[in-house]
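Now for the letters of each chain:
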Amino acid sequence: MQRKAPGNTVEALLRAAAGPPDEIGALVDELTLETVVPLVIDEIVSRCAPPSGVTATLVLELRRGEGRSEHTFSFDGGELEVTAGRAGDPGALVRFEIADLVTALYGPATRPSGTTRQVESLLTPPGRDPREDSYLMFQAQRPYAEAIQAVLSGCLSAPVSLDDLAVRFGSDKWGFLHWFTQHYAEHFRRLADEPVRLLEIGVGGYDDPTAGGASLRMWQRYFRRGLVYGLDIHDKSTIRGPRMRTIRGDQNDPEFLGRLAEELGPFDVVIDDGSHVNEHVSTSFDALFPHVREGGIYVIEDMHTSYWEGFGGGPPGSVVTGTSVERVKALLDGLNLLEYRSLDEHTPSMTERYVSGVHCYRNIAFVDKGLNTKDAPPPWIPREPV
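Examining the pattern of salt bridges
Evaluation of the coordinates by the stated rule reveals 16 salt bridges. Between Arg 224 and Asp 193 there is a salt bridge, with its nearest N and O atoms 2.8 Å apart. With Arg 224 in the loop between α8 (214-222) and β10 (227-232) and Asp 193 in the loop between α7 (181-188) and β9 (197-201), the pair connects residues that are 31 residues apart, well separated along the chain. Taken together, the shared-partner salt bridges connect Glu 61, Arg 63, Arg 68, Arg 95 and Glu 120 into one network.

Brief notes about the pairing of strand β11 (residues 244-248)
With four of five residues buried, β11 is to be regarded as a mostly interior element. Here β10 runs beside β11; their pairing, made up of five bridges, is parallel. From the neighbouring strand, Val 228 faces β11, where its bridge partner is Met 244.

Concerning the packing of helix α1 (residues 8-17) against helix α3 (residues 33-47)
Taken N-terminus to C-terminus, the directions of α1 and α3 make an angle of 85°; their axes are 11 Å apart at the nearest point. Between α1 and α3, the crossing angle belongs to the class labelled roughly perpendicular. Between α1 and α3, the contacting residues are Thr 9, Val 10 and Leu 13 on the first element and Thr 35, Val 36 and Leu 39 on the second. Split by residue class, the contact of α1 with α3 holds four nonpolar, two polar and no charged.

Re the layout of surface pockets
Size it by volume and the largest pocket reaches roughly 720 Å³. For the lining of the largest pocket, the secondary structure elements donating two or more residues are β9, α8 and β10. The element best represented in the lining of the largest pocket is α8, accounting for three residues. Its residues assigned to classes, the lining of the largest pocket shows eight nonpolar, 16 polar and seven charged. The volume enclosed by the second largest pocket comes to roughly 230 Å³. Looking at the second largest pocket, the residues that line it are Ala 109, Ser 157, Ala 158, Pro 159, Val 160, Ala 185, Arg 189, Ala 192, Asp 193, Arg 221, Tyr 222 and Arg 224.

Some words on the packing of aromatic side chains
Applying the stated criterion across every chain yields a total of 14 aromatic pairs. Where Phe 285 meets Phe 289, the ring centres are 4.9 Å apart and the plane angle is 20°; that geometry is what we call stacked. Residue Phe 285 shares its accessibility class with Phe 289, and that shared class is buried. Looking at Lys 369, its charged tip hangs above the ring of Phe 289, at a distance of 4.9 Å from the centre. Sitting over the ring of Tyr 354, Lys 369 keeps its end group 5.9 Å from the ring centre.

Examining helix α11 (residues 324-335)
Between its terminal C-alpha atoms α11 stretches 17 Å, which fits the 16 Å expected from twelve residues at 1.5 Å a residue. Within α11, the full set of buried residues consists of Ser 324, Val 325, Val 328, Leu 331 and Gly 334. Buried positions along α11 lie against α10 (278-288), β13 (292-301), α12 (350-354), β14 (355-361) and β15 (364-369).

Focus: the sheet that holds strand β6 (residues 118-121)
Read from one edge of the open sheet, five strands run β4-β3-β2-β5-β6, paired in mixed fashion. Across the chains shown, the open sheet's two edge strands, defined by having one partner strand only, are β4 (79-84) and β6. The mean angle between the axes of side-by-side strands here comes to 20°, regardless of whether they run parallel or antiparallel. With six bridges connecting them, strand β2 (residues 55-64) and strand β5 (residues 92-97) associate as parallel partners. Looking across to β5, one finds that Leu 62 is bridged to Phe 96. Sheet strands in contact with α3 are β2, β3 (67-76) and β4, and its direction is about 25° off that of β3. This element, helix α4 (residues 98-106), spans β2 and β5 of the sheet and lies at about 85° to β5.

A look at the pairing of strand β12 (residues 267-272)
The buried count for β12 comes to six of six residues, which makes it a mostly enclosed element. Where β9 lies against β12, four bridges are found, and the strand directions are parallel. Counterpart to Leu 198 in the pairing with β12 is Val 269. Bridge count between β12 and β13: five bridges; the pairing is parallel. Note on β13: the bridge partner recorded for Ile 271 is Val 299. A crossover connection joins β12 to the parallel β13 through α10; in handedness this β-α-β unit is right-handed.

As for the confidence of the model for the protein
In the predicted model, the protein carries a mean pLDDT of 91, and 95% of its residues have values of at least 70. In this model, residues 1-6 is a region of pLDDT below 50 whose contacts with residues beyond four sequence positions or in other chains number 25 contacts.

Cut-offs and rules
Residues numbered from 1 in each chain as written. Predicted model: local features only at pLDDT ≥ 70, side-chain atom pairs only at ≥ 80, totals over all residues. Heavy atoms only, no water. Salt bridge = Lys/Arg side-chain N within 4 Å of Asp/Glu carboxyl O. Helix = DSSP H or I, 4+ residues; strand = E, 2+ residues; numbered from the N terminus. Buried < 20%, exposed > 50% of the residue type's maximum accessible area, 1.4 Å probe, protein only. Pairing = 2+ DSSP bridges. Axes fitted to C-alpha atoms, helices over the stretch in contact; angles between N-to-C directions. Parallel < 35°, antiparallel > 145°, perpendicular 65-115°, else oblique. Contact = heavy atoms within 4.5 Å. Nonpolar A, V, L, I, M, F, W, Y, C, P; charged D, E, K, R; others polar. 1 Å grid on protein atoms, 1.4 Å probe; cavity = no way out; pocket = protein on both sides within 12 Å on 5 of 7 lines; lining within 4 Å. Points joined across faces, edges and corners; volume = space filled by probe spheres on them. Phe/Tyr/Trp six-rings, centres within 6.5 Å; stacked < 30°, edge-to-face > 60°. Lys NZ or Arg CZ within 6 Å of the ring centre and 35° of its normal. Expected span 1.5 Å × (residues − 1). Right-handed = clockwise from strand over helix to strand, strands pointing away. pLDDT = per-residue confidence, 0-100.

In structure tokens, the structure reads:
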């Protein structure tokens, strides 16, 4: 198995950011600025949306005690280049204490952060009439304000729109092919601020090693405290991010999937956006659903292939069996097991015991993991119409 998992350092920062305030500072001291700062810079860059039509350069200064580290952010027409140290002629300075910034990046939204942030203008006034200078300086600072806000927006814990992220990163989960992001937003909202582990089957881009990863980047930004993994049959090792890695493997190989889940799980979210071959969908669900945490969600996309012969499907009422739609229908039956079967006569399967909800929309289903503990209806309730 080819695996490139997020490093232990990032996971340690994620854990510490949710702990007591002193824990972050102690961890940074242990790891050193030289180790932590590059991770923080990569995280900010992965979240930053460079404004179009803006040319501006600023310096981000990170401090811990007497230690200091600077990086230059250069914006130019929707592009961003970051270099170590102070370079060029920056017009603004943004300063953070590193422990405070790590809390802002990785801590819960309810945790106070950004308390040490300082922003300074490095622009030089023209030196003419003060009233004229004030207007000129205000105009000169406008592009820097947009650049500064782009950086700060990547540092803070404000909610982000999945629709906006899908468009920004080019995910097909929004528009034209699908309208999935509205459903994801509804079901993932309660997990957005949690340190989730997410596995998505299907990186995209077919056999091109540099193509794909749009949805993984979307999830990395949306789950700002999460670890994101992408599984694909093709080598996608060039697609990576601060908390995102890809694994090469076959979603129709249950032994491989079991090893994968043991190494990287348990998962809070599994999304099957892989081959969409019905046999593969069933194999992946059987292998991975047991490794979803209680309270987690398993998502099956593109269920329209249940009706396409080329993917092992067929129209309703045909002799074709084992489609993803049929599988979801069976999960609904299992959810209501106690309404039609006595436990004295039947030992519930894993899904009958641990599927606590099934939500279906066109071409997509969300399966909730949790104890299906509703008591059986009392025997005095009539089973025939009254």
